[in-house]
Amino acid sequence: MKKLYTLLKEITTMKKKITFMIIIVFQIQFGFAQWQLRSSGVSTPLRGIYGMSAADSATCYGVIYDANNYLGDPLHDITITHDGGATWHSQTIPGLENNILDGVSAITSGAVHVIGWNYVSGGGNVFHSTDSGMTWQREAANAFTDAASFPDNIKFFDPQNGVIFGDPANGYFEIYTTSNGGDSWSRVPSINIPASLPNEEGLDFVADAYLNTIWVITVTTNINSNFVSARLLQSDDKGISWYVRNSSLTIGGSDGDIKFRNASVGLYKNNGILYRTTNGGTTWNVVNYSGTWFSYDFHNVPGKDGWWISTGGDANFTTNSAKGFGSSISHDDGDHWVTLDTAVDHTCVFMTSPTHGYSGGITTGSGNDGVFVYLPDVVMTVTLFDFSGEAQSKQNLLHWATASEQNNTGFEVQRSSDSYGFTKIGFVTTQAINGSSNVKLNYDFIDKNYSESANYYRLKQIDKDGKFSYSNIVVLKDKNAIEPGLITMYPNPAKNMLNIQIASSGNNKITLL
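A brief structural summary. (Residues numbered from 1 in each chain as written. Predicted model: local features only at pLDDT ≥ 70, side-chain atom pairs only at ≥ 80, totals over all residues. Heavy atoms only, no water.)

1. A short note on the sheet that holds strand β12 (residues 151-156)
And step 1. Reading across the sheet, the four strands line up as β12-β13-β14-β15 and stay open at both edges, with antiparallel pairing between neighbours. Where the open sheet ends on each side, the last strands, each with one partner, are β12 and β15 (186-187).
And step 2. Sheet topology note: the β12/strand β13 (residues 162-169) ladder contains five bridges and is antiparallel. Bridged to Asn 153 within β13 is Phe 165. (Pairing = 2+ DSSP bridges. Helix = DSSP H or I, 4+ residues; strand = E, 2+ residues; numbered from the N terminus.)

This is the structure in structure tokens:
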């Protein structure tokens, strides 16, 4: 894999005696992994995924949240794929009304468990599905019944053995274990759990399991609900007995995440800072990394010791986007990070193998986005060389060209007034014989029903098997093909080739970092 830390190019455009805008197109060759954008099955705008669990490379469950009003509009929705991320369908889990989902654990292709907290009356609920999410039933009816109960995390070690960790209730942490796949749950006695501190609680989605071991971070809060201190609790027998692994974990801000790749090596992030342990969590040191580590989430790559993927996004949570939007990969437990993509709104991440994984995203309302699938070995079926436009008299002209095509059916032309909600306005069939070509092909589309304000255009390229990808966005406004100073990059995500368009109407010096 070629390391691309910094690219520095200076481009000077010479002013010409022309009235139309200059479009500069150049290509960059590089070799890094690729995320494929997919529909999360949600058409409502600003719906994100903040927790994922994959039973295998084919099946994954994602917990949906409202990225516009997370606390004001809690959801109990989940999105599911059973074909490796090619297609997803979302649903509201019946019986969890007034609940916000706090955790999900997929244990087989057909079995999955979720936990929720009732934000109206308090207490928690545990539900499971044994038919791939088609129907849901309540389990653990004896658990989290107190109004003060709050389930924080759920983890399964195998299809039969699992644990749910919750905030203290009736004087000690409310923890339940099962040894029969969730048919029955038993509360762990207080004698098997470290005594809770005043105002101590768990954190949603901040726990990890490896073999028979589980780690959970707890925090103490002050009267303003700010974090004061943190501890790392651990169990080595599938949640039956617990002890304090670290009594003074560094804590600040309101975010956190912890992942282990084996019993010794793990990463922990808090307040935009990355920490690492090599002794199972006893001590943690700040990672002085190079490159860009993204601060929303991270996950180790199964089968590759020392490999991790990091993601960054969601501007509403500043610490999660503190390092920007995008993703990166490390091959040495976080010492060096190589950027995979930038300016892409990634949320959580869950890797299933070195060549496959998932990342949450945030929907725009188009119904065609919201989740990413990591497929570094995917070959792009169509190489889009150029996509540009021109505002002419009483019509907008779009033009694009392809350098090569494979199994292509054509291009759906989409338009938006705000760059978020796109609608189909036409379809252009491929010129390639049988959908495949290795020569340059030129295409045009005329839009006569455009808005007098800004018009945002993009192409949805569709393969014969129904798979699709999007082009960059072109803005046509006031008879200018692209607004001055606008920079667009495509395809996004990219593999092997990245096209960058820079619009300029005069002498400009542009530096890319």
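Once you've had a look at it, read on.
2. So, the pairing of strand β16 (residues 200-210)
And step 1. Of the strand pairs in this sheet, β16 and strand β17 (residues 213-221) are connected by seven bridges, and their pairing is antiparallel. What sits directly across from Glu 201, in β17, is Val 219.
And step 2. Taking the residues that link successive antiparallel strands as the turn, the β16-β17 hairpin has two residues, and the phi of Leu 211 there is positive, at about 55°.

3. What about the environment of Ala 106?
And step 1. Within the secondary structure layout, Ala 106 lies in strand β8 (residues 99-106).
And step 2. Note on Ala 106: relative accessible area 11%, which makes it buried.
And step 3. Counting along the chain gives 52 residues from Ala 106 to Ala 54, while the straight-line C-alpha distance between them is 5.8 Å.
And step 4. Residue contacts for Ala 106: discarding those within four places in its chain leaves Ser 53, Ala 54, Ala 55, Tyr 61, Ala 111 and Val 112. (Buried < 20%, exposed > 50% of the residue type's maximum accessible area, 1.4 Å probe, protein only. Contact = heavy atoms within 4.5 Å.)

4. A look at the sheet that holds strand β26 (residues 326-330)
And step 1. Strand order in the open sheet made by the four strands is β24-β25-β26-β27, with antiparallel pairing throughout. The open sheet is flanked by β24 (297-300) and β27 (338-342), the only strands paired with a single partner. Pairwise comparison of adjacent strand axes, ignoring direction, gives a mean angle of 15° for this sheet.
And step 2. Sheet topology note: the β26/β27 ladder contains four bridges and is antiparallel. Within the sheet, the bridge partner assigned to Gly 326 lies in β27 and is Thr 342. (Axes fitted to C-alpha atoms, helices over the stretch in contact; angles between N-to-C directions.)

5. A few points about the nonpolar core
Soluble globular proteins tend to pack their nonpolar side chains together in the buried interior.
And step 1. By size, the foremost hydrophobic cluster in this structure holds 29 residues, and its most contacted members are Met 52, Ile 78, Ile 93 and Val 114.
And step 2. Broken down by secondary-structure element, the contributors of at least two residues to this core are β4 (47-54), β5 (60-66), β6 (77-81), β8, β9 (112-118) and β30 (370-374).
And step 3. Ignoring any residue separated from it by four or fewer positions in sequence, one finds Val 114 in contact with Ile 78, Ile 93, Leu 96, Leu 101, Gly 103, Val 104, Asn 125, Val 126, Phe 127 and Trp 136.
And step 4. Within the second largest apolar cluster, 16 residues are counted, among which are Val 382, Ala 432, Tyr 443 and Tyr 457. (Core = buried A, V, L, I, M, F, W, Y, C linked by side-chain atoms within 4.5 Å.)

6. Here's the deal with the pattern of salt bridges
And step 1. Scanning the entire structure with this criterion turns up nine salt bridges.
And step 2. One salt bridge in this structure joins Asp 333 and Arg 261, with 2.8 Å as the shortest N-O distance. Within this pair, whereas Asp 333 is found in the loop between β26 and β27, its partner Arg 261 is found in the loop between β20 (257-260) and β21 (266-270), the two being separated by 72 residues in sequence.
And step 3. Residues joined in a network through salt bridges with shared partners are Asp 257, Lys 259 and Asp 297. (Salt bridge = Lys/Arg side-chain N within 4 Å of Asp/Glu carboxyl O.)

7. Observations concerning the environment of Thr 177
And step 1. Positionally, Thr 177 belongs in strand β14 (residues 172-178).
And step 2. On the basis of relative accessible area, Thr 177 is assigned to the buried category, the value being 16%.
And step 3. Counting along the chain gives 14 residues from Thr 177 to Val 163, while the straight-line C-alpha distance between them is 4.4 Å.
And step 4. Residues within four places of Thr 177 in sequence aside, it is in contact with Gly 162, Val 163, Ser 184, Trp 185, Ser 186, Val 188, Lys 238, Gly 239 and Ile 240.

8. Looking at the packing of aromatic side chains
And step 1. Scanning the model with the defined rule gives 19 aromatic pairs in all.
And step 2. Ring geometry for Tyr 268 against Trp 284: centres 5.7 Å apart, planes inclined by 65°, an arrangement best described as edge-to-face. Placement of Tyr 268 in strand β21 and of Trp 284 in the loop between β22 (273-277) and β23 (285-286) is noted, with a sequence separation of 16 residues between them.
And step 3. Judged by relative accessible area, Tyr 268 falls into the buried class, the value being 1%.
And step 4. A centroid spacing of 5.7 Å and a plane angle of 10° characterise the contact between Trp 400 and Tyr 443, whose relative ring orientation is stacked. (Phe/Tyr/Trp six-rings, centres within 6.5 Å; stacked < 30°, edge-to-face > 60°.)

9. Brief notes about the side chain of Asn 246
And step 1. Secondary-structure assignment places Asn 246 in strand β19 (residues 243-249).
And step 2. Residue classification places Asn 246 among the buried residues on the basis of a relative accessible area of 10%.
And step 3. Among the polar contacts listed, one links the side chain of Asn 246 to the backbone nitrogen of Leu 249, at a separation of 3.0 Å.
And step 4. Excluding its chain neighbours within four sequence positions, the residues that come into contact with Asn 246 are Arg 231, Leu 232, Gly 281, Thr 282, Thr 283 and Trp 284. (Polar contact = N/O pair within 3.5 Å; in protein donor to acceptor, adjacent residues only side chain to side chain.)

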